[in-house]
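This is what each chain is made of:
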Amino acid sequence: MKVFHLAFCIPLLVNAASANTSRSPQADGYTISIHLKGLPDGTKLYLLAKTDADLEKPGSKYRDTVAVTTASGEKAGFSEAIVNKGKLFIVSIEGQKSTASLLISNKEKISVRGIMAEWPKVKVSGSKGTVQMTDFQNYLTSNILNQKGGAAIVEEMLKYASAHPDNLYLPLILLQSASMTSDEKKTAFEKLSPVARDSYY
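Residues numbered from 1 in each chain as written. Predicted model: local features only at pLDDT ≥ 70, side-chain atom pairs only at ≥ 80, totals over all residues. Heavy atoms only, no water.

*Asks:* Give me the overall build of the protein chain: which residues, what numbers.
*Replies:* For the protein chain, the count of helices and strands is five helices and nine strands. In the structure as shown, the protein chain presents an accessible area of about 9,900 Å², 50% of it carried by carbon and sulfur atoms. (Helix = DSSP H or I, 4+ residues; strand = E, 2+ residues; numbered from the N terminus. Areas by Shrake-Rupley, 256 points an atom, 1.4 Å probe, with all protein chains shown as cover.)

Right, dumping it as structure tokens:
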């Protein structure tokens, strides 16, 4: 029986909402505004992502640094130009082992709020993809992890894809899943809308 590899699909669950921040994104890009109570001045924050060549490789050692910023007044921010919807990024803080995950699209104004002592439990707003990622992770925990056998897992994946065709996170899950055959992945992918099929992954 195949084993369902889950390390790739459980970046930290965050509390995702839909409000925007006051930062202005670059044209065809995004901004991330971070405010963490207790974040020391001078702390480095890193925005990480995998290169396209490493997308199917599990583990953090394949992440590259996209951008670096320095905290001041318990705040920090990133502003980057991208041309695709739904790419997974990781926020890492100097001296902290845990990281937070964001699924980012063009022109998003993303807000990350929380308390340094509780990192990486934060509230994320302004990121549709992160909301969708969190929704899938909740479904994964309640409906998929308790399944015995590859067929049951595949059935649940197909059911979720049918019910959430616009989910920008599913193409990455299908790309990295070790529990589904190529034909099963194709079937699930075809259930997605053009919005999801044409996203980053």
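*Asks:* Residues and numbers for the pairing of strand β3 (residues 44-50), please.
*Replies:* Summarising burial for β3: five of the seven residues are buried, a large majority. Here seven bridges tie β3 to strand β4 (residues 63-70), and the two strands are oriented antiparallel to one another. Looking at the pairing, K44 lines up with T70 of β4. Across four bridges, β3 lies against strand β6 (residues 87-93) in antiparallel orientation. Opposite L48, over in β6, you have I90 as the bridge partner. (Buried < 20%, exposed > 50% of the residue type's maximum accessible area, 1.4 Å probe, protein only. Pairing = 2+ DSSP bridges.)

*Asks:* Run through the side chain of S179, naming residues and quoting values.
*Replies:* By the element assignment, S179 lies in the loop between α3 (170-176) and α4 (182-190). Only 3.1 Å separates the side chain of S179 from the side chain of S177, close enough to count as a polar contact. (Polar contact = N/O pair within 3.5 Å; in protein donor to acceptor, adjacent residues only side chain to side chain.)

*Asks:* Go over the sheet that holds β4, please, and point to the residues and values.
*Replies:* Read across the open sheet, the four strands follow the order β4-β3-β6-β7; overall the sheet is antiparallel. With one partner strand each, in any of the chains shown, β4 and β7 (99-104) form the two edges of the open sheet. With direction set aside, neighbouring strand axes in the sheet form an average angle of 25 degrees. Contacts between helix α1 (residues 128-144) and the sheet are confined to β6 and β7, with β7 contributing the most and set at about 115 degrees to the helix. (Axes fitted to C-alpha atoms, helices over the stretch in contact; angles between N-to-C directions. Contact = heavy atoms within 4.5 Å.)

*Asks:* Describe the pattern of salt bridges, naming the residues involved and giving the relevant values.
*Replies:* Evaluation of the coordinates by the stated rule reveals one salt bridge. Linking E156 and K159 is a salt bridge whose minimum nitrogen-to-oxygen distance equals 3.5 Å. One end of the pair, E156, and the other, K159, are both in helix α2 (residues 150-163), three residues apart, so they sit about a helical turn from each other. Using a relative accessible area of 10% as the deciding quantity, one classes E156 as buried. (Salt bridge = Lys/Arg side-chain N within 4 Å of Asp/Glu carboxyl O.)

*Asks:* Residues and numbers for the confidence of the model for the protein chain, please.
*Replies:* Do not read the fine detail of predicted coordinates wherever pLDDT is low. Per-residue confidence for the protein chain averages 82 on the pLDDT scale, and 80% of its residues sit at or above 70. Model confidence for the protein chain, summarised as mean pLDDT per element, is weakest for strand β1 (residues 15-16) at 40 and strongest for strand β8 (residues 109-115) at 96. (pLDDT = per-residue confidence, 0-100.)

*Asks:* Break down the environment of R197 for me, citing the residues and quoting the values.
*Replies:* Position of R197 among the secondary structure elements: in helix α5 (residues 194-197). R197 gets classed as partly exposed once you look at its relative accessible area, which sits at 33%. Each C-alpha atom, one on R197 and one on N167, is 9.3 Å from the other, the two residues being 30 residues apart in sequence. Discounting chain neighbours no more than four positions away, the residues touching R197 are F189, E190 and L192. A distance of 2.3 Å separates a polar atom in the side chain of R197 from the backbone oxygen of L192.

*Asks:* Tell me about the packing of α2 against α4, and name the residues and values.
*Replies:* Where α2 contacts α4, the axes come no closer than 8 Å and their chain directions differ by 20 degrees. Put simply, α2 runs roughly parallel to α4. Every pair of crossing elements has a handedness; the one defined by α2 and α4 is right-handed. Judged by residue contacts, V154, L158 and A161 of α2 engage E184, T187 and A188 from α4. Its residues assigned to classes, the contact of α2 with α4 comprises four nonpolar, one polar and one charged. (Parallel < 35°, antiparallel > 145°, perpendicular 65-115°, else oblique. Left-handed = near helix turned anticlockwise from the far one by under 90°. Nonpolar A, V, L, I, M, F, W, Y, C, P; charged D, E, K, R; others polar.)

*Asks:* So, α2: which residues are in play, and what are the values?
*Replies:* If you check α2, its first and last C-alpha atoms are 20 Å apart, about what 14 residues at 1.5 Å a residue would give, namely 20 Å. Of the residues making up α2, those classed as buried are A152, I153, V154, E156, M157, Y160 and A161. In this structure, the buried residues of α2 make contact with α1, α3 and α4. (Expected span 1.5 Å × (residues − 1).)

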